[in-house]
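# Geometric and topological summary
Chain by chain, the residues run as shown.
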Amino acid sequence: MASTIEIKVPDIGGHDNVPVIEVLVKVGDTVAKEQSLITLESDKATMEIPSSAAGVIKELKVKVGDEVSEGALIAVLEAADAAAAPAAPSPLRGEGRGEGSTSPQSASSNAPASPAPSPQPSPQGGEGAKPAPQAAGASGRTPDITCKLVVLGSGPGGYTAAFRAADLDVDTVLVERYATLGGVCLNVGCIPSKALLHAAAVIDEAEAMAAHGVSFGAPKIDLDKLRDFKTKVVGKLTGGLSGMAKQRKVRTVQGVGSFISPNEMEVQTAEGTKLIRFENAIIAAGSQSVKLPAFPWDDERIMDSTGALELKDVPKKLLVVGGGIIGLEMATVYSALGSEVTVVEFMDQIIPGADADLIKPLAQRLAKKLKGVHLKTKVVEAKATKKGIEVSYEGESIPETKLFDRVLVAVGRSPNGNKIGADKAGVAVTERGFINVDTQMRTNVKHIFAIGDLVGQPMLAHKATHEARVAAEVVSGMKSHFDARVIPSVAFTDPEVSWVGVTEREAKEKGLKVGVGKFPWAASGRAIGIDRTEGFTKLIFDEETHRIVGGAIVGPHSGDLISEICLAIEMGAEAGDIGLTIHPHPTLGESVGMAAEVYEGTITDLYMPKKKK
């Protein structure tokens, strides 16, 4: 006869009042002995607390946000025959990271590598998933390919997942619709745009040097050679991926993949339809540019970011619709090449997610470089005529120019979750195409995972690669979780803008008690030497602990400099840790240490009046 057992917090290394950051089960769940019930996060490690017996959860005594110590009651369990339920692996995770030190368990075993909690809402804004669809039955056909894991999409998330899985001896197939690996980022996104931004930066720097006695003359733009440079950059990276796939024995299939059942995928290839039967799948199908209906998309003069990167010509007049990161990066490129660029943004600020002070230096520089930046304004109609694209607007700042040679629409991206036959596999997808996942990147279907743009904001390659490693490791039997504290954002404009963690705006909205240390680059010897003093470095600290919780940098190379702040947040550094770390002089990087000194009141490179007591 079943008995009732109280499950309590065991010895957790002497830690007291440790916060519960995740509850992995719910009342009514059947759990195995040693299956994880809750996740705790101390200053030193993240720990999962296991059940000491197998059975059914009758009561849960803790919730997220509670603090527990050794002996605290977690749950009441109606115990079952211990022999009837398989044991789950040890719960301890690596410090601050998802990878544990437990022995890998076969992913095809009846016992999961860790419990599969109900998928958490995607971080894109709380959109709920539609009810899980009824999965289709198996086709019964003989597969052309069988594998342990199929990865759909070969962008930074997809190829990272495939390569990590292969390194862990998982038989892997990688499906990609395009002829080269790398997805949007490498082929028509991050990499080619940065190649063109480098050219733009050189043009602008050469022009600026005239004020310092070094003149190069007007640049001569050879578009064929510039496109060739961009193509070679892309080719070098995508070719490297192809080579690494072969070295790892990852089988690649070129074609459009779509699920037809929970363990089958059809791929439409140049040779016909191929059927892949898999044990596990990782969906890394990414996103695509949003196409607003107000624009005549059948006219090649209307471009999305992919079209803009083709660099077919340098239009005399270019309209950029959208003042976000992608729109402003391309505005920077085309302006440097000679286009008269007008930007229209619906919101009251360019790059709306960043603090207003961070954007101000960029806005001031763009005002000098572009024809105009118009906020709180939108395009209501665009007509294709022989003379160009005629545009009409509404809003608070109507541009003078109404006729453009080309129009770039950069108003965001939409996930491809509704375009891959996910319903046939039983995977729940939201109306907008997002797929909800848990911290192990599992969807509502236990053996199917999703990563990258599909699982919500931020839609960034560096987020996808870390999610990819987690998913691949879970497939291999490891006990990994995605538990990054922060994810940085960078606009590779001129000046570059980067931020990470809590922003001042967010702190104010949430009522957080924070303090700010801000070091102006006007006091930086390095910034003065390169005549780029418009920027600054800002650090945000928790007032009670003095731990860093956020930071931002605006200025040249800020995208490189922000990494130090990311690491400081992940490591739980205090202001003193950063300020007392010796930074090389003269560099832009030392502004990070000086911003911490500003917060601490120990700065000597600025005069800071003492606060009156």
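None of these values were measured; they are calculated from a predicted model. (Residues numbered from 1 in each chain as written. Predicted model: local features only at pLDDT ≥ 70, side-chain atom pairs only at ≥ 80, totals over all residues. Heavy atoms only, no water.)

### Observations concerning the overall build of the chain
Just so we agree on the cut-off: Numbered from the N terminus, helices here are DSSP runs of H or I no shorter than four residues, and strands are runs of E no shorter than two. Residue burial is assigned from relative accessible area. The probe radius is 1.4 Å, only protein chains are included, and a residue is buried under 20% of its type maximum, exposed over 50%, and partly exposed in between. Residue contacts follow a heavy-atom distance rule, with two residues in contact if any of their heavy atoms lie within 4.5 Å. We get accessible surface area from the Shrake-Rupley algorithm with a probe of 1.4 Å; when it comes to residues, only the shown protein chains can shield them.
When its secondary structure is counted, the chain shows 13 helices and 30 strands. Sorting the 613 residues of the chain into buried and exposed places 50% on the buried side. For the chain, long-range pairs separated by at least 24 residues make up 66% of all intrachain contacts whose partners lie at least 6 apart in sequence. If you sum the accessible surface of the chain, you get close to 28,500 Å²; carbon and sulfur atoms cover 52% of it.

### Quick word on the packing of helix 3 (residues 190-208) against helix 6 (residues 325-337)
We count it as follows: Here the axes come from fitting lines to C-alpha atoms, over the contacting stretch only for helices, and the angles between their N-to-C directions go from 0 to 180 degrees. Comment on the angle field: the value is read as roughly parallel under 35 degrees, roughly antiparallel over 145, roughly perpendicular from 65 to 115, and oblique elsewhere. Handedness of a helix crossing follows the sense of rotation of the near helix relative to the far helix, less than a right angle counterclockwise being left-handed and clockwise being right-handed. Think of it as three bins: nonpolar holds Ala, Val, Leu, Ile, Met, Phe, Trp, Tyr, Cys and Pro, charged holds Asp, Glu, Lys and Arg, and polar takes everything else, Gly as well.
The contact between helix 3 and helix 6 brings their axes to 9 Å, and the two run at 45°. Classified by the interaxial angle, the pair formed by helix 3 and helix 6 is oblique. By crossing handedness, the relation of helix 3 to helix 6 is classed as left-handed. Every residue of helix 6 that contacts helix 3 at Ser-193, Lys-194, Leu-196, Leu-197, Ala-200, Ile-203 and Asp-204 is listed here: Glu-329, Thr-332, Val-333, Ala-336 and Leu-337. Partitioning the contact of helix 3 with helix 6 into residue classes produces 7 nonpolar, 2 polar and 3 charged.

### Considering the nonpolar core
Taken as a class, soluble globular proteins show a tendency for nonpolar side chains to be buried jointly. Short version of the rule: Nonpolar core, defined: a set of buried Ala, Val, Leu, Ile, Met, Phe, Trp, Tyr and Cys residues in which side-chain atoms within 4.5 Å join the residues together.
Within the largest apolar cluster, 53 residues are counted, with the highest numbers of intra-cluster contacts made by Val-150, Val-175, Phe-259 and Ile-282. Every residue in contact with Phe-259, bar those within four places of it in the chain, is listed here: Leu-152, Glu-264, Met-265, Phe-278, Ala-281, Ile-283, Ile-420, Gly-421, Ala-422, Lys-424, Ala-425 and Ile-448. Core analysis: the second largest hydrophobic core is formed by 36 residues, Ala-199, Leu-318, Leu-358 and Ala-552 among them.

### Examining the state of the cysteines
The cut-off we apply is this: By disulfide we mean two sulfur atoms from cysteines, separated by a distance within 2.5 Å.
With the rule as written, the count across this model stands at 1 disulfide. Paired by a disulfide, Cys-185 and Cys-190 hold their sulfur atoms 2.5 Å apart. A torsion of -130° about the S-S bond marks the disulfide between Cys-185 and Cys-190 as left-handed. The class for Cys-185 is buried, based on a relative accessible area of 11%.

### Quick notes on the sheet that holds strand 27 (residues 497-501)
In plain terms, the rule: Pairing between two strands is assigned when DSSP locates at least 2 bridges connecting them.
The 5 strands lie next to each other as 26-27-30-29-28, forming an open sheet whose pairing is antiparallel. A strand with exactly one partner marks an edge of an open sheet, and here the two such strands are strand 26 (489-491) and strand 28 (514-520). Strand-to-strand twist across the sheet, computed as the mean angle between neighbouring axes with direction ignored, equals 10°. Its contacts with the sheet put helix 7 (residues 356-369) on strand 27, strand 28, strand 29 (536-542) and strand 30 (548-554), and the angle it makes with strand 27 is roughly 170°. Contacting strand 26, strand 27, strand 29 and strand 30, helix 11 (residues 558-570) crosses the sheet at an angle of about 175° to strand 30.

### A few points about the sheet that holds strand 19 (residues 372-374)
Sheets are built from strands that pair by backbone hydrogen bonding, the pairs being arranged parallel or antiparallel. Within the open sheet, the 5 strands sit side by side as 16-23-17-18-19. Their pairing is parallel. The outermost strands of the open sheet, each flanked by one partner alone, are strand 16 (302-303) and strand 19. With 3 bridges joining them, strand 18 (residues 340-344) and strand 19 adopt parallel strand pairing. Residue pairing across strands places Val-344 opposite His-374, the latter belonging to strand 19.

### So, the pairing of strand 21 (residues 389-395)
Relative to strand 21, strand 20 (residues 377-384) runs antiparallel, the two sharing 7 bridges. Note on strand 21: the bridge partner recorded for Lys-378 is Glu-394. Between strand 20 and strand 21, which pair antiparallel in sequence order, lie 4 residues; one of them, Gly-388, sits at a positive phi of approximately 155°. Bridge count for strand 21 against strand 22 (residues 403-404) is 2 bridges, and the pairing is antiparallel.

### Quick word on the packing of helix 1 (residues 156-167) against helix 8 (residues 461-476)
The geometry of helix 1 relative to helix 8 is characterised by a closest axis approach of 8 Å and an angle of 30° between their N-to-C directions. Regarding the angle of helix 1 to helix 8, the classification is roughly parallel. Of the two possible hands of crossing, helix 1 and helix 8 adopt the one that is right-handed. Between helix 1 and helix 8, the contacting residues are Pro-156, Gly-157, Thr-160, Ala-161, Arg-164 and Ala-165 on the first element and Ala-461, Ala-464, Thr-465, Ala-468, Arg-469, Ala-472 and Glu-473 on the second.

### A few points about the packing of aromatic side chains
Stated precisely, the cut-off is as follows: Whether two aromatic rings pair depends on their centres lying within 6.5 Å, for rings of Phe, Tyr and Trp, where Trp uses its six-membered ring; planes under 30 degrees apart make the pair stacked, over 60 edge-to-face, and the rest tilted.
Counted under the stated rule, the structure contains 4 aromatic pairs. Seen in terms of ring centroids, Phe-259 and Phe-278 are 5.9 Å apart; in terms of plane orientation they differ by 75°. Their pairing is edge-to-face. Of this pair, Phe-259 sits in strand 12 (residues 256-261) while Phe-278 sits in strand 14 (residues 272-283); the two residues are 19 residues apart in sequence, bridging distant segments of the chain. What makes Phe-259 buried here is its relative accessible area of 1%. Taking the relative accessible area as the measure of exposure, Phe-278 reaches 2% and is therefore buried.

### Observations regarding the pairing of strand 17 (residues 317-321)
Rule in force here: Convention used here: a crossover is right-handed provided that the path from the first strand, over the helix, to the second strand proceeds clockwise when the strands point away from the viewer.
Most of strand 17 sits out of view: 4 of its 5 residues are buried. Examined bridge by bridge, strand 17 and strand 18 share 5 bridges and lie parallel to one another. Across the sheet, the residue bridging to Lys-317 is Glu-340, located in strand 18. With respect to chirality, the unit in which strand 17 leads through helix 6 into the neighbouring parallel strand 18 is right-handed.

### Quick word on the side chain of Arg-406
Which entries qualify depends on this criterion: Here a polar contact means two N or O atoms within 3.5 Å. Within protein one must be a hydrogen donor candidate and the other an acceptor candidate, and residues neighboring in sequence count only if both atoms are side-chain atoms.
Mapped onto the secondary structure, Arg-406 falls in strand 23 (residues 406-409). Of note is the side chain of Arg-406, whose polar atom sits 2.9 Å from the side chain of Asp-313. Residues contacting Arg-406, with those up to four places away along its chain left out, are Glu-300, Arg-301, Met-303, Lys-312, Asp-313, Pro-315, Lys-317, Leu-318 and Leu-319.

### Here we look at a nonpolar patch on the surface
Threshold: The patches described consist of residues with a relative accessible area above 30% and no salt bridge, like charges being joined within 9 Å and nonpolar side chains (Val, Leu, Ile, Met, Phe, Trp, Tyr) within 5 Å. Salt bridges, as used here, are contacts in which a Lys or Arg side-chain nitrogen is within 4 Å of a carboxyl oxygen on Asp or Glu.
A grouping of Met-209, Val-214 and Phe-216 is seen on the molecular surface, where their side chains present a nonpolar patch of about 270 Å² in accessible area. The topology assignment puts Phe-216 in the loop between helix 3 and helix 4 (223-247). Overall, Phe-216 belongs to the exposed group, its relative accessible area being 58%.

### Quick word on the environment of Asp-167
Mapped onto the secondary structure, Asp-167 falls in helix 1. The class for Asp-167 is partly exposed, based on a relative accessible area of 42%. Sequence separation between Asp-167 and Ala-472 is 305 residues, and the spatial gap between their C-alpha atoms is 9.7 Å. Within the structure, Asp-167 has its side chain in polar contact with the side chain of Arg-248 (distance 2.8 Å).

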